[in-house]
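# Residue-level structure breakdown
Each chain is listed here by its residues.
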Amino acid sequence: MKQYCDGGEAILEAFRSLGLDYIISSPGSEWSPVWEALARQKVNQKSGPAYIDCWHETLAVDMAMGYTQMTGHMQAVLLHAGAGLLQGSAGMHSAMLAEVPMVIMSGESTSFGEDPHLAIEPQWYRSLSIVGGPQRLVEPVTKWATQAGNVHTLYEHVVRAGEFAQRTPMGPVYLNAPLEVMLQEWTPRENPRRVPPPPKTRAKDADVEKIAELLTQARNPIILTDSAGRDPDAFMALVELADLFGIPVGGRAAFANFPKNHPLHLGSGIQPFLKDADLVLLVACRAPWYPPSRKPTTGTVVAIDENPFKGTMVYQSLQADHYLEGEVAASLRLLVEAAKAAGVGAGKHADRRARWQREHDRIVAAECAAEAEARTKGGAGIDPLALAGALREAMPADAVYVEETITHAGMLQQHLAWSEPQSFFRAGGGLGQGLGTALGVKLGAGNRPVAALVGDGSLLYNPVVQALGAARGSDLPILIVVCNNGQYRAMQTGHLHHYPDGVAQEAEIWHGVTIDGPDYAELGKPFGLHGQKVDRPAELPGAIRDAMRAVEGGKTAILNVVLSR
């Protein structure tokens, strides 16, 4: 048994130096050097990342993304060349938008069998090569994309890719490793370093003092956020700041940003109050209102973010008067410290807090009343609000939700219950990634239950068979709730928006709207999974509990919830 030491070992050693937990892969034939290195790692009982096999490239990228969002730990993804990169590019685009770091690699051949000393398989010559190199395919959807041209640079190339991915703004980094490079003999470093974590950026003291002064003087401040909760520390720091000043918190959620049971939480219900705000804090909020230039308040706007200007956005207008740039959690705590040093105490804004608690209670009461009314509605199917109420009633308090809907997104984000960090993730960027993200979240969530809430249209963009295979093969049981209204409602809504009195409306001729889908509850049968179709509100809480018992027993469960709209 020969113990090779080549470019495959260089890559694996770089992953060890980066402290990666997993190599998540939808593999191709270029990766035999890494497979050999992984086999050596196991036989030699050497520590290093574990391997997870996927049946689809986007699924692999999304699982890495979900795991990183849940744990804060970057991972590696190995894909096949050419078409494999294109398959995974939807996930890369989403990771770029969400600023999720990861190292993505694929390979190619550069000798095409012409090297008499190195036999390369013929498929590289016939169909797998990309003119200009595969990095050209993913340059627009990655932070950086290049080729490792020599085995002697391969280790540092991978390490640099990992370090670069984690620098602000974070994002996926791509490295092309040709077979000819990976198959070369490699001499390991005598003392390989453990790569340090990325440094945290800190706002300037003068900026902190200025914003703290604005907060102290504000009569009616409001906080908008969509992504503060990506960092659990920022979630807690936001609570601390809101409590100190009695400031309500809301906005469209990409993460669980603030506890729903907190008296200062207003969610999307906060929008009507923006007009009278004299100070608006945009905390990790890249698109606070629409149209972007239609600022809904005459008050002062402060953007608090490590990276407020998103290079992934073609157009962005925050309408900010001040910026506080640095790690969000640190910036929020610096504001708290500065305010306390200036004499601000928790009791100073009791009247303001009491006012917003009344609004919070009113919003919650209205939500519960709407859910209760929805449960009594007759007719075919289940009102979506009844589904939200059943989830509130039947799901465990520590549940993690991954949401990938369009029509019902705002309603679900407002009605789902959570009080802890990392309880909600919005699968964004492009449809078809909710299941992979949910599986990655589950990989990092341990015993916490994970529920993927997916529209029927969204589900059909997902690699469903591959995701169910990964759920079973990697022991990642999740609950999948299909919000099934039998249509791409967004198509009809968009059509009516532009042609409210057109021929389609009058003649009821709609294109691209109807979904003649299967019984989605049956999709898990080949994998021995739990499935149930539900079309009556009274059945929902029991069906959710039955599904969760299956999940607790180690089986993914699919609920096909037939909705009325």
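An account of the accompanying structure is given in this report. (Residues numbered from 1 in each chain as written. Predicted model: local features only at pLDDT ≥ 70, side-chain atom pairs only at ≥ 80, totals over all residues. Heavy atoms only, no water.)

Taken in spatial order, the 6 strands make up an open sheet running β9-β8-β7-β10-β11-β12, and their pairing is parallel. Each having just a single partner strand, β9 (265–267) and β12 (322–325) make up the two edges of the open sheet. As judged from the 2 bridges shared by strand β7 (residues 221–225) and strand β8 (residues 249–250), these two strands associate in the parallel manner. Residue pairing for β8: I223 is matched across the bridge by V249. Along the sheet face, helix α10 (residues 232–245) touches β7, β8 and β10 (279–283) and points at about 165 degrees away from the line of β7. (Pairing = 2+ DSSP bridges. Helix = DSSP H or I, 4+ residues; strand = E, 2+ residues; numbered from the N terminus. Contact = heavy atoms within 4.5 Å. Axes fitted to C-alpha atoms, helices over the stretch in contact; angles between N-to-C directions.)

Before going further, it helps to examine empty space enclosed by the protein. The gaps of empty space that remain are located by a probe, the size of a water molecule, rolled over the atoms. Considering all chains together, one arrives at 1 cavity of 30 Å³ or more under this definition. Looking at the largest cavity, the residues that line it are L459, V464, I480, Y520, L523 and I558. Partitioning the lining of the largest cavity into residue classes produces 6 nonpolar, no polar and no charged. (1 Å grid on protein atoms, 1.4 Å probe; cavity = no way out; pocket = protein on both sides within 12 Å on 5 of 7 lines; lining within 4 Å. Points joined across faces, edges and corners; volume = space filled by probe spheres on them. Nonpolar A, V, L, I, M, F, W, Y, C, P; charged D, E, K, R; others polar.)

A volume near 210 Å³ is recorded for the second largest pocket. Forming the walls of the second largest pocket are 17 residues, and the residues nearest its centre are I406, T407, Q487, Y488 and R489. Considered class by class, the residues forming the lining of the second largest pocket number 7 nonpolar, 8 polar and 2 charged.

Attention now moves to the packing of α10 against helix α11 (residues 328–341). The N-to-C vectors of α10 and α11 enclose an angle of 25 degrees; their axes lie 8 Å apart at closest approach. Regarding the angle of α10 to α11, the classification is roughly parallel. At the point where α10 passes α11, the crossing takes the left-handed sense. Between α10 and α11, the contacting residues are D233, A234, M236, A237, L238, E240, L241, L244 and F245 on the first element and V328, A329, L332, R333, L335, V336, A339 and K340 on the second. Here the contact of α10 with α11 is composed, by residue class, of 13 nonpolar, no polar and 4 charged. (Parallel < 35°, antiparallel > 145°, perpendicular 65-115°, else oblique. Left-handed = near helix turned anticlockwise from the far one by under 90°.)

Together, I406, L431 and Y461 make up an exposed nonpolar region whose accessible area comes to about 270 Å². Tracing the sequence through the fold places Y461 in the loop between α16 (456–459) and α17 (464–473). Among the residues examined, Y461 registers a relative accessible area of 46% and is labelled partly exposed. (Patch = residues over 30% accessible without salt bridge, like charges linked within 9 Å, V, L, I, M, F, W, Y side chains within 5 Å. Areas by Shrake-Rupley, 256 points an atom, 1.4 Å probe, with all protein chains shown as cover. Salt bridge = Lys/Arg side-chain N within 4 Å of Asp/Glu carboxyl O. Buried < 20%, exposed > 50% of the residue type's maximum accessible area, 1.4 Å probe, protein only.)

It is worth spelling out the state of the cysteines at this point. For the structure on display, the rule yields 0 disulfides. Of the cysteine sulfurs around C483, a residue in no disulfide, the closest is that of C368, at 19 Å. We classify C483 as buried; its relative accessible area is 2%. (Disulfide = S-S within 2.5 Å.)

In spatial order, the strands read β2-β1-β3-β4-β6-β5; together these 6 strands make up an open sheet with parallel pairing. Each having just a single partner strand, β2 (50–53) and β5 (144–147) make up the two edges of the open sheet. Taking the axes of each pair of neighbouring strands and ignoring which way they run, one obtains an average angle of 20 degrees across the sheet. Note that β5 and strand β6 (residues 172–176) share 4 bridges and pair parallel. Within β6, the position partnered with Q147 by the bridge is N176.

Mapped onto the secondary structure, L335 falls in helix α11. Classification of L335 by relative accessible area gives buried; the value is 0%. The residues touching L335, leaving out its near neighbours within four places in the chain, are V208, I211, A212, L215, L241, I304 and L324.

Here the structure, examined in full by the defined rule, presents 25 salt bridges. Notably, a salt bridge pairs E163 with R193, separated by 3.1 Å at the nearest N-O pair. Of this pair, E163 sits in helix α7 (residues 151–165) while R193 sits in the loop between α8 (179–182) and α9 (205–217); the two residues are 30 residues apart in sequence, bridging distant segments of the chain. The partly exposed category is assigned to R193, whose relative accessible area is 36%. One salt bridge connects K525 with E522, and the closest N-O pair in it is separated by 2.9 Å. When salt bridges that share partners are traced, they join E9, E13, R16, R40 and K46 into one network.

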